[in-house]
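Listed below are the residues making up each chain.
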Amino acid sequence: MSRGEVKAGAAADVAGTTKAEGEAEVANEAEAPETAGTSPDHAPEPRERRLWWTLGLFRSEVTTTFRRWRTLALLGVLAAVPVLIGIAVKIETNDGGGSGGAGPAFVTQITNNGLFLVFAALAATLPVFLPMAVGVIAGDAIAGEANDGTLRYLLVAPAGRTRLLLAKYASTLTFCLVAALVVAAMALAVGVLLFPLGEITTISGTRISFGEGLVRALLTAVIVAASLTGLAALGLFVSTLTNSGIAAMAATVGLLITVQILDTIPQLHAIQPYLFPHYWLSFADLMREPVYWDEVVKNLGLQGLYVAVFGSAAWARFTTKDITA
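Attention in this report is confined to the structure presented alongside it. (Residues numbered from 1 in each chain as written. Predicted model: local features only at pLDDT ≥ 70, side-chain atom pairs only at ≥ 80, totals over all residues. Heavy atoms only, no water.)

Turning our eyes to something else, we now look at the pattern of salt bridges. Under the definition given, this model contains eight salt bridges. Linking Asp-140 and Arg-70 is a salt bridge whose minimum nitrogen-to-oxygen distance equals 2.6 Å. A residue pair is termed long-range when its members are at least 10 positions apart, and Asp-140 in helix α5 (residues 129-148) and Arg-70 in helix α3 (residues 69-94) qualify at 70 residues. On the accessibility criterion, Asp-140 (7% relative accessible area) is buried. In this structure, the salt-bridge partner of Asp-285 is Arg-288, at a minimum N-O distance of 2.8 Å. The exposure class assigned to Asp-285 is buried, which follows from its relative accessible area of 9%. Each of the salt bridges in this network shares a partner with another, and the network as a whole consists of Arg-68, Arg-70 and Asp-140. (Salt bridge = Lys/Arg side-chain N within 4 Å of Asp/Glu carboxyl O. Helix = DSSP H or I, 4+ residues; strand = E, 2+ residues; numbered from the N terminus. Buried < 20%, exposed > 50% of the residue type's maximum accessible area, 1.4 Å probe, protein only.)

And the structure:
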């Protein structure tokens, strides 16, 4: 049985179940005048029922996303990046090359403290690997269902297009967070195994405890995940424009590459502060003492703007789109 047939069967089961629940709800409402005041605690309110359905839909989307081999492969690639960085730095150190004061941000500090591998891995994956993975997941969210012929089955259920779209976006945001945490957790594990630990020397030259540094590392992973919310909204919008999952994924990744190229051209400095990846590396300011929040806040505000614009565009497109697959 093909993947599309399996998904279609699962979607049909969900649709049938929720349809039955909807009919039961209608029946309960029809009997309400006779039973009103007798057993109000036994019949959940329609709003409560809708809330449970929304949570169930979100849980189903998250489960489906993380059970796919493609998602697991993406997480595997992301987890391999800090391992490769840690091994490369360790080999260079053993060969007597030292850090040499060169390399990406935080790499030169890894040999002194393994916790810096978390920051180095996030800095290495954020420009390319993390956004490409998010672009694949977001681009496939709606278009992939249409391509497999399961979108109509999902819409048979009484969830509505808006709640389905929100569930898709929420599952994509969950992937953003999990992906960033996977990179951070693997980097921390490798850092503990290969390098010494201790107090952290910040970019400002002051020293903080290892515990505080660990908290900042976790906060950095969360901010990195939040930095990808604008791209996720953009990918979701692209996904509503086509019935081809591959086309949506390719278009999203292509837009990502194009915008990043534009962000490196000096002549375009006037528009660069409005490009969603412009402040991605602002998380480095979390390693200052005191923390410098200005660039981080600008980054989060810019991502919120992209979420509002492209999220609204995705909703407008999806709620008026003719579903033929």
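Still more to cover.
Time to look at the packing of helix α9 (residues 229-239) against helix α10 (residues 245-262). The geometry of α9 relative to α10 is characterised by a closest axis approach of 9 Å and an angle of 140 degrees between their N-to-C directions. By the criterion of interaxial angle, the relationship of α9 to α10 is oblique. In the packing of α9 onto α10, the handedness of the crossing is right-handed. Two secondary-structure elements touch here, α9 through Leu-231, Leu-234, Gly-235, Val-238 and Ser-239 and α10 through Ala-248, Ala-251, Thr-252, Leu-255 and Leu-256. Here the residues of the contact of α9 with α10 are counted per class, giving seven nonpolar, three polar and no charged. (Axes fitted to C-alpha atoms, helices over the stretch in contact; angles between N-to-C directions. Parallel < 35°, antiparallel > 145°, perpendicular 65-115°, else oblique. Left-handed = near helix turned anticlockwise from the far one by under 90°. Contact = heavy atoms within 4.5 Å. Nonpolar A, V, L, I, M, F, W, Y, C, P; charged D, E, K, R; others polar.)

Residues Leu-177, Leu-181, Leu-218, Leu-219, Val-222, Trp-293 and Val-297 make up a contiguous nonpolar surface patch of roughly 580 Å² in combined accessible area. Going through the elements one at a time, α7 (160-194) and α8 (210-227) are the ones with two or more residues in the nonpolar patch. Residue contributions to the nonpolar patch peak at three residues, all from α8. (Patch = residues over 30% accessible without salt bridge, like charges linked within 9 Å, V, L, I, M, F, W, Y side chains within 5 Å. Areas by Shrake-Rupley, 256 points an atom, 1.4 Å probe, with all protein chains shown as cover.)

Another point: the nonpolar core. Membership of the largest hydrophobic core comes to 71 residues, with the highest contact counts inside it found for Phe-106, Ile-110, Phe-175, Phe-276 and Phe-283. Broken down by element, this core gets its largest block of residues, twelve residues, from α7. (Core = buried A, V, L, I, M, F, W, Y, C linked by side-chain atoms within 4.5 Å.)

The next point concerns the packing of aromatic side chains. On inspection of all chains with the given rule, the structure shows six aromatic pairs. Look at Phe-66 and Phe-175: their rings are 6.2 Å apart centre to centre, the planes differ by 40 degrees, and that puts the pair in the tilted class. One end of the pair, Phe-66, is in helix α2 (residues 46-67); the other, Phe-175, is in helix α7, with 109 residues separating them in the sequence. The class for Phe-175 is buried, based on a relative accessible area of 0%. With a centroid separation of 6.0 Å and 50 degrees between ring planes, the pair formed by Phe-237 and Phe-310 is classed as tilted. With Phe-237 in helix α9 and Phe-310 in helix α11 (residues 294-320), the pair connects residues that are 73 residues apart, well separated along the chain. Residue classification places Phe-310 among the partly exposed residues on the basis of a relative accessible area of 22%. Within the aromatic cluster, the residues linked to one another by ring pairs are Phe-237, Phe-276, Trp-280, Tyr-306 and Phe-310. (Phe/Tyr/Trp six-rings, centres within 6.5 Å; stacked < 30°, edge-to-face > 60°.)

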